[in-house]
Amino acid sequence: MRAVAVIGVVLFHLKVDGFQGGFVGVDIFFVISGYLITRNILADLQAGRFSFGQFYVRRTRRIYPALIFTVVATYLAGALWCSPLMFLDVAKEGTHALLSISNIQYWRESRQYFAPNSDELALLHCWSLSLEEQFYLLWPVLIVLAWRVGRTFEGITVAALASIVASTLVSRVDPLAVFFLMPFRISEFACGALVLLVERRFRLGEAAAECLSAIGLLCIAASVLLFKSDMPHMDAAILLPCLGAAATIWASGKTRVSTILTNATMVSIGAISYSLYLCHWPIIFFARFVFGDDAANGWAGILTMAVVMVAVATAMNLFIERRFIQSSELRSASVPRNAVGFWSVVLALVAVTHFTFKSQGFAWRMPAAQAELEHLEDFPNGRDIRRFEGPVGFELIGDSLTAEYAFGLGPIMEQLNINVHVMGGAGCPILYGATLKSPRQEECRLARDQTLQRVAQTNLPIIFVQKWSLYSDAAINEDADSPQNPASSGMSFTKLQLGLERTIGKLVADGRHILIIGEQLDPGCPINRPRLLQGPLPHAPQPPCAAKTREEAERSTSKIDQILSAVQAKWPDKVELLRPIDYFCDTECPVVKDGIWFYSNRIHLTLAGSTYMVSRSGDVIRRFLEN
């Protein structure tokens, strides 16, 4: 079963066609862990030898040595190939993996507007290990308490049902919490634990065992082959592979059907499954990063990575896993001695990884010229936005795109001797009555209300800039909407137009002059910012993006531009519209110019891109501010 689980995960991460549901291998691992851990705890309780200290020592010896090796190897690879920006993320991930909080951190970051993509995280797979380690802290306490009151079966059942109900409720508002956090996964561990209790009460006949084994494997195969990570109602659907794994375990390995799992190859893969799971993603990550997606994702690259994974996993199992599991010296050592030994190493490594993060990825590893180029291809942050001595001359409101213009407008503000108030929220529609449909709803509502309240206290001119196309009817609600209203199409922007008219109308009524910055152009291709930047050793660069023609760009922005033009036409003497396409593009709209990237991702301009945009549209903006 471990072999089935790890093969599914590896093929999924290798992006092998037909295995798009291989991610359920993680859920199968949880079922197996629930079965084995519960069996071991109950056996020790019945024999009168259970000890919380010994339990945690055994788990630490089983998990941490190979995990430490994986984190250290990944850290060293990052030091060699990653730019400072990317290396600090590798170090941060290492810290969280060592402290068994990766799942919590990835969940927290998934709620942030500037969260990295999964393909940019070298230790992403450690989320499941952190979750499992958190389960090990809780589960023995539950089993011991339930066993002592003679209600083991009932205790596990209640825990499973509570987890299912909680995941069903929370998935409606925060599906990523259900994915990453331990309480919502207890049902999967409990699924395996309940097998242990069921098999003790009911003996299966040969025919029933064969049937159960076949059904179990069929459920697992169907899940691996048919599931997709973005399919709806995943919190309920995931019960299929879990029940399939439970059925296969209950049927035991003695059925004819189970010979699929008990042959020598599968047993060998199962024996190295933990090390294989640990090493597979860093190998895939760095292979794609160093050699490029085209080379790594071809059949030659996939086969090469598979061979390397098996070789590394075999060595890890032989020289690390077995050494610490079977060491007579460690087994005989006291609980405090084991704890001090392991946690001294862990905390020392955490100190190194955290220092690396705080030191901004050791920027001294790179030449000054390369660091300067890296900065030009970065998204503007607070350190890049200059402050001037003059009075506040205008207000810049909107979402994260305000940072681009706050930086790019620096020369104009210096020339006019004025400052700016920048207000809004990243990824938030700053519109009266509009709220974001996402876990960040309250955060964005607060940013909107604070911004509009502060704006209402002045009479300064306003530059209004947002990534308008993000706020379709499917992405936002009006405050007055009720849950019964049907969902709107993602291609409709009725709520955006109403909210914008409402907002502009109130501001204009107060005598304000407003410049609306139109839809920012999409470069038309995914941009992996870490790949733009080289480390001490070279890696495959970001593949070039083909520049859009002016006609293509006009078609892509036409719907939003029509809405903004209609709004501007209602107050022609108070509102101006600046369309980025009219200044950013000539016959083509550049993504890279003179070897410097103008985009840090599909939404945001770099410092170089911001400078380019404002330098070409500066006369319009300067005239607006002077008038």
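Starting from 1, residues in each chain are numbered consecutively following that chain's sequence as written. Only residues with pLDDT of at least 70 get local features here, since the model is predicted, and only at 80 or more are side-chain atom pairs given and counted; chain-wide, interface and lining totals rely on the full set of residues. Hydrogens and water molecules were not included; the side-chain quantities draw on all heavy atoms of the structure.

## Topic: the overall build of the protein chain
For helices the rule is a DSSP run of H or I covering at least 4 residues; for strands it is a run of E covering at least 2, with both sets numbered from the N terminus onward. A count of helical and extended segments in the protein chain gives 28 helices and eleven strands. C-alpha atoms of the protein chain, sized along the principal axes, occupy 85 × 60 × 45 Å. Each residue is placed in one exposure class: buried if its accessible area under a 1.4 Å probe, protein chains only, is under 20% of its type's maximum, exposed if it is over 50%, and partly exposed if it falls in between. Burial analysis of the protein chain (627 residues in total) assigns 52% to the buried set. Each accessible area is a Shrake-Rupley estimate made with a 1.4 Å probe; only the visible protein chains count as cover when residues are assessed. Surface exposure of the protein chain reaches about 28,200 Å², of which carbon and sulfur atoms provide 61%. For the protein chain, the centre of its 55 positive side-chain charges and the centre of its 55 negative side-chain charges are spaced 10 Å apart. We count Lys and Arg on the positive side and Asp and Glu on the negative side, and we leave His and both chain ends out. Where a charge lies is defined by one atom per residue type, namely NZ (Lys), CZ (Arg), CG (Asp) and CD (Glu).

## Re a nonpolar patch on the surface
Patches were defined on residues exceeding 30% relative accessible area and lacking a salt bridge, with like-charge contacts within 9 Å and nonpolar side-chain contacts (Val, Leu, Ile, Met, Phe, Trp, Tyr) within 5 Å. Take a side-chain nitrogen of Lys or Arg and a carboxyl oxygen of Asp or Glu: if they are within 4 Å of each other, that pair is a salt bridge. Taken together, the side chains of Leu99, Ile101, Ile104, Trp343 and Leu347 present a nonpolar region at the surface, about 390 Å² in accessible area. For Ile101, the location among the structural elements is in the loop between α4 (84-98) and α5 (102-110). Take Ile101: its relative accessible area is 31%, and that puts it in the partly exposed class.

## Comments concerning the sheet that holds strand β2 (residues 419-424)
When DSSP locates at least two bridges between a pair of strands, those strands are taken to pair. With parallel pairing, five strands are arranged side by side in an open sheet as β2-β1-β4-β6-β8. Each having just a single partner strand, β2 and β8 (575-578) make up the two edges of the open sheet. For this sheet the average axis-to-axis angle between neighbouring strands, irrespective of direction, equals 20°. Judged from the four bridges that link them, strand β6 (residues 514-517) and β8 form a sheet pairing that is parallel. All axes are obtained by fitting lines to C-alpha atoms, using only the stretch in contact for helices, and the reported angles, taken between N-to-C directions, cover 0 to 180 degrees.

## Examining the state of the cysteines
Two cysteine sulfur atoms form a disulfide, by the criterion used here, when they sit within 2.5 Å. Counted by the stated rule, this structure contains three disulfides. Covalently, Cys428 is tied to Cys444 through a disulfide, its sulfur atoms 2.1 Å apart. Disulfide Cys428 to Cys444: torsion about the S-S bond roughly -70°, handedness left-handed. With Cys428 in the loop between β2 and β3 (434-436) and Cys444 in helix α23 (residues 441-455), this pair connects stretches of sequence that are 16 residues apart.

## Some words on the pattern of salt bridges
Applying the stated criterion to the full structure yields 24 salt bridges. For Arg185, the salt bridge identified is with Glu188, shortest N-O distance 3.1 Å. Residue Arg185 is classed as buried on the basis of its relative accessible area of 6%. One continuous salt-bridge network, built from bridges that share partners, spans Arg550, Glu554, Asp561, Arg579 and Asp582.

## Concerning the confidence of the model for the protein chain
Scored from 0 to 100, pLDDT records how confident the predictor is in each individual residue. On average, residues of the protein chain carry a pLDDT of 90, and 96% of them reach 70 or more. Of the regions scoring below 50 in pLDDT, residues 481-487 engages in one contact with residues more than four places distant in sequence or in other chains. Contacts are residue-level and defined by heavy atoms, with any inter-residue pair within 4.5 Å sufficient.

## Some thoughts on the environment of Ala251
Here Ala251 is to be found in helix α12 (residues 239-251). When its relative accessible area of 3% is taken as the criterion, Ala251 is described as buried. Along the backbone, Ala251 and Gln54 are 197 residues apart, and their C-alpha atoms lie at a distance of 31 Å. Leave out the neighbours within four places in its chain, and Ala251 touches Leu204, Ala209, Leu212 and Ser213.

## Notes on the packing of aromatic side chains
Paired rings are identified among Phe, Tyr and Trp, the last through its six-membered ring, by centres lying within 6.5 Å, and are further divided according to the angle between planes into stacked (under 30 degrees), edge-to-face (over 60) and tilted (the rest). Scanning the model with the defined rule gives 29 aromatic pairs in all. On the basis of an interplanar angle of 80° and a centroid distance of 6.5 Å, the ring pair of Phe55 and Tyr136 is categorised as edge-to-face. Of this pair, Phe55 sits in helix α3 (residues 52-81) while Tyr136 sits in helix α6 (residues 126-148), and the two are 81 residues apart along the sequence. Tyr136 carries the same exposure label as Phe55, and that label is buried.

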